[in-house]
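A look at the structure
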Amino acid sequence: MMLIRQFKSPPSYNLPISTSNSKTPFQNHNNIRFSIKNNNSSSISSTDSTTKKPDPFDDGSANPSLLMSSSDLSKSAPYPGGMGPFTGRDPNVKKPGWLRQKAPQGDKYQEVKDSLSRLKLNTVCEEAQCPNIGECWNGGGDGIATATIMLLGDTCTRGCRFCAVKTSKNPAPPDPMEPQNTAEAIVSWGVDYIVLTSVDRDDLPDGGSGHFAETVKAMKKSKPEIMVECLTSDFRGDLEAVSMLANSGLDVFAHNVETVKRLQRIVRDPRAGYDQSLSVLKHAKLSKEGMITKTSIMLGLGESDEELKQTMADLRAIDVDILTLGQYLQPTPLHLTVKEYVTPEKFDFWKEYGESIGFRYVASGPLVRSSYRAGELFVQTMVKERNKKS
């Protein structure tokens, strides 16, 4: 019987970010003209009226931190037309020392980079500006190299406010040779654990599930012993697409809820949602006996401790096995503002708390990402134990 430690409240180690003046975040934003350009070079313009319209993202909680005022923007204007609610960066706030990483280097890193370029493959490591690219590609302290391939191109059909990946309503069609090219790359690298992920492809009938499945099968055929994790979109809630991928031969089915329920509408594209993501994870678990499921949550977006605990409880209720927790870092001032920098000590608390309520493994730290060190020994052991039972 598992002994559950009683956690009353997490330690108060958060580092709040405050503005340098006392004005309300939306003060001075009347009559600002915005021009939003799409990839086809057309633009849509609008002008705020002096009468403030209701904010569709306002849930009645504290005002979001728009850390650059309109007067600041008019002086420098480095991102013309792109600023809006929930975005901005305070130039006086610096990242804490624990978030600083060395530039990636090493023989293994260069080998993987060259191979990707030769085979014209994309990685989320590069597209999403992941700070752990050097550690994962080189194998870290345990020597288990992990690579994360991004399938279905480098352009997403959705526009989540935390993500740096390119967006378009009509991205290029999938490369039919990508599954075979990916398998070829994996065999040549000699990696032990591969993570396949993708942009959202709402333009495809199955959301790209079939392309995922073909890639998994090609890799398992080329190297049967390799362990494959698929970090997927929600396939618009299409459970048949989820089931197809879950039965393709993969070892870990991952899909990210990203944030707590209250912040979903602010953080993610409107086509995504909390309940839809839970449904995907639940169905993946039910589609194949012994399927290992995994999800990730970003911290520092304004979530409360109680909201995070409820999210973790909801995930355990559908038997999610693995949870990763990491600090949200703003890619550009056009993206969501960081509300707080969560300290390493508090991340340690959340790891202990998560494992105490039943998660089989929790990776928690400021620089942890959903694919961070995915193939480390503990996860490999979980996969091997499941394979023995089956």
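Residues numbered from 1 in each chain as written. Predicted model: local features only at pLDDT ≥ 70, side-chain atom pairs only at ≥ 80, totals over all residues. Heavy atoms only, no water.

1. Things to note about the overall build of the protein
Regarding its fold elements, the protein presents 12 helices and 14 strands. For the protein, buried positions account for 50% of its 390 residues. For the protein, the share of sequence-separated contacts (at least 6 apart) that also reach a separation of at least 24 residues comes to 76%. With the model as given, the accessible surface of the protein reaches about 18900 Å², and the carbon-plus-sulfur share is 51%. (Helix = DSSP H or I, 4+ residues; strand = E, 2+ residues; numbered from the N terminus. Buried < 20%, exposed > 50% of the residue type's maximum accessible area, 1.4 Å probe, protein only. Contact = heavy atoms within 4.5 Å. Areas by Shrake-Rupley, 256 points an atom, 1.4 Å probe, with all protein chains shown as cover.)

2. So, the packing of aromatic side chains
This model, assessed by the stated rule, comprises four aromatic pairs. Consider the rings of Phe-212 and Phe-235, whose centres lie 6.4 Å apart with planes at 90°: the pair is edge-to-face. Taken together, the residues Phe-212 in helix H6 (residues 209-222) and Phe-235 in the loop between strand E9 (227-231) and helix H7 (239-246) connect sequence positions 23 residues apart. Comparing Phe-212 with Phe-235 shows no difference in burial state: the two are buried. (Phe/Tyr/Trp six-rings, centres within 6.5 Å; stacked < 30°, edge-to-face > 60°.)

3. Concerning the nonpolar core
Ile-186, Ile-194, Leu-196, Val-228, Cys-230, Leu-245 and Phe-253 are the most contacted members of the largest nonpolar core, which totals 33 residues. When residues of this core are traced back to their parent elements, those giving at least two are strand E5 (146-151), helix H5 (178-189), strand E8 (193-198), H6, E9, H7 and helix H9 (274-287). Take this core: its biggest share by element is five residues, from H6. With near-sequence residues (within four places) excluded, Val-228 lies in contact with Ile-194, Leu-196, Val-216, Met-219, Lys-220, Leu-250, Asp-251 and Val-252. Grouped together as the second largest cluster of nonpolar side chains are 20 residues, Ile-297, Leu-299, Ile-318 and Val-362 included. (Core = buried A, V, L, I, M, F, W, Y, C linked by side-chain atoms within 4.5 Å.)

4. Quick word on the pattern of salt bridges
A full pass over the atoms with the stated rule returns 16 salt bridges. Of the charged contacts in the structure, one is a salt bridge between Asp-202 and Arg-158, with a shortest N-O distance of 2.8 Å. With Asp-202 in the loop between E8 and H6 and Arg-158 in the loop between strand E6 (155-156) and strand E7 (166-167), this residue pair connects regions lying 44 residues apart in the sequence. When its relative accessible area of 4% is taken as the criterion, Arg-158 is described as buried. In this structure, Arg-158 and Asp-234 form a salt bridge, with 2.9 Å as the shortest nitrogen-oxygen distance. Linking Arg-158 in the loop between E6 and E7 with Asp-234 in the loop between E9 and H7, this pair joins segments that are 76 residues apart in sequence. Through salt bridges with shared partners, a single ionic network connects Arg-158, Asp-200, Asp-202, Asp-234, Asp-269 and Arg-271. (Salt bridge = Lys/Arg side-chain N within 4 Å of Asp/Glu carboxyl O.)

5. Side note on the state of the cysteines
What we call a disulfide is simply a covalent bond connecting the sulfur atoms of a pair of cysteines. If you walk through the whole model with that rule in mind, you get zero disulfides. Distance from the sulfur of Cys-163, which forms no disulfide, to the nearest cysteine sulfur (Cys-160) is 6.5 Å. (Disulfide = S-S within 2.5 Å.)

6. A closer look at unusual backbone geometry
At Arg-236, a position not held by glycine, the phi torsion is positive, near 60°. Considering the arrangement of structural elements, one finds Arg-236 in the loop between E9 and H7. Backbone geometry at Asp-319 places phi at a positive 65°, although glycine is not the residue there.

7. So, H9
Helical geometry: 3.6 residues make up each α-helical turn, so side chains three or four residues apart lie on a common side. For H9, spanning 14 residues, the distance from its first C-alpha to its last is 20 Å, which sits close to the expected 20 Å at 1.5 Å a residue. What H9 keeps buried is the set Tyr-274, Ser-277, Leu-278, Val-280, Leu-281, Ala-284, Lys-285 and Ser-287. For H9, the secondary structure elements touched by its buried residues are H7, strand E10 (252-254), helix H8 (264-267), strand E11 (292-299) and helix H10 (305-317). (Expected span 1.5 Å × (residues − 1).)

8. Let's talk about helix H11 (residues 344-356)
Counted at 1.5 Å a residue, the expected span for H11 with its 13 residues is 18 Å, and the 18 Å between its end C-alpha atoms agrees. Of all the positions in H11, only Lys-346, Phe-347, Phe-349, Trp-350, Tyr-353, Gly-354 and Ser-356 are classed as buried. Where H11 is buried, its residues meet E11, H10, strand E12 (322-327) and strand E14 (361-364).

9. Overview of the side chain of Lys-294
Relative to the helices and strands, Lys-294 resides in strand E11. Within the structure, Lys-294 has its side chain in polar contact with the side chain of Glu-229 (distance 3.1 Å). (Polar contact = N/O pair within 3.5 Å; in protein donor to acceptor, adjacent residues only side chain to side chain.)

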